Amino acid sequence: MASAGIQLLGFTLAFLGVIGSIASTVMVEWKASSYAGDNIITAQAMYEGLWKSCVSQSTGQIQCKVYDSLLQLPGIVLGTRGLMLCAILLGIISMMVEMVGMRCTTCMSEAPAQKDKVALAGGVIFIIAGLLALAGTSWYGHRIAKDFYNPFTPTNSRYEFGSALYVGWGAASLIIIGGSFLCCNCSTDGSGKQPRYPASRSAGPQGKDYV
């Protein structure tokens, strides 16, 4: 029988991971302008995200511009958008599944074996969602590092990892860890079945007929 405490811990970690994935997706600091080099103007800082780009002046003024055309966006932005949105959608679906399958809820309480299977399915979906979020953030981060070390990239066009990437990596890790707790804590055999024992034979002597 699955432990309700460990299930609740795994669900909490995965829930925080989904919230972090949503925050990472809407954040604009996916990549930030780099100050490496000699001829770098530090009067302004540029940030780019999945939905808009911003410029922060040294005076504290921030100007943001939403991406106008969807077709003109780079493939890395479109691909990362899709991966993050799929991860968030699967995370929400998994949370609804876990609300049915967790031992601390009353749904399907008359069928504990089926309830554990539902919790196991929710944990698997959580892991898939975490892998999608991890793939999206890692893909975007790999492209930033590749452009940064490219000798043909102008110095003033180089970017570094933004805070949204770190939030996304942490959120993906929480989702995967939480889903693993939910999967490992669910028993694979029939939880509600009683063990069967062979019928014991009578110890008394059997009667014999004598002539």
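Residues numbered from 1 in each chain as written. Predicted model: local features only at pLDDT ≥ 70, side-chain atom pairs only at ≥ 80, totals over all residues. Heavy atoms only, no water.

Counting secondary structure elements, the protein contains 4 helices and 5 strands. Going from the N terminus to the C terminus, the protein shows its helices and strands as α-β-β-β-β-α-α-β-α. For the protein, with 211 residues in total, the buried portion stands at 33%. Across the protein, the fraction of contacts at a sequence separation of at least 24, relative to all contacts at a separation of at least 6, is 66%. (Helix = DSSP H or I, 4+ residues; strand = E, 2+ residues; numbered from the N terminus. Buried < 20%, exposed > 50% of the residue type's maximum accessible area, 1.4 Å probe, protein only. Contact = heavy atoms within 4.5 Å.)

In this model, the protein carries an average pLDDT of 83, and 82% of its residues clear a pLDDT of 70 or more. Mean pLDDT across the secondary structure elements of the protein bottoms out at strand β2 (residues 44–48), with 85, and peaks at helix α4 (residues 163–184), with 94. (pLDDT = per-residue confidence, 0-100.)

Turning to the pattern of salt bridges, a few remarks are in order. Using the criterion set out here, one finds 2 salt bridges in the structure. Here Lys31 makes a salt bridge to Glu48, at a shortest N to O gap of 3.4 Å. Of this pair, Lys31 sits in strand β1 (residues 31–33) while Glu48 sits in strand β2, placing them 17 residues apart in sequence. The class for Lys31 is buried, based on a relative accessible area of 17%. Note that Lys65 is salt-bridged to Asp68, the shortest N-O span being 2.7 Å. The exposure class of Lys65 is partly exposed, given its relative accessible area of 47%. (Salt bridge = Lys/Arg side-chain N within 4 Å of Asp/Glu carboxyl O.)

Before going further, it helps to examine the pairing of strand β3 (residues 52–57). Two strands pair when backbone bridges link them, and β2 and β3 are joined in this way by 5 bridges, in the antiparallel orientation. Each bridged residue has a counterpart across the sheet, and for Met46 the counterpart in β3 is Val55. Where β2 folds back onto β3 in an antiparallel hairpin, the turn is made up of 3 residues. Two elements, β3 and strand β4 (residues 62–66), share 5 bridges in a ladder whose sense is antiparallel. Note that in β4 the partner of Lys52 across the bridge is Val66. Linking two consecutive strands that pair antiparallel, namely β3 and β4, is a turn of 4 residues; a positive phi of about 100° is found at Gly60 within it. (Pairing = 2+ DSSP bridges.)

In this fold, Ile88 is placed in helix α2 (residues 75–101). What makes Ile88 buried here is its relative accessible area of 13%. Remark: the alpha-carbon pair of Ile88 and Phe126, spanning 38 residues in sequence, is separated by 9.8 Å. Not counting chain neighbours up to four residues away, the residues in contact with Ile88 comprise Ser21, Ile22 and Thr25.

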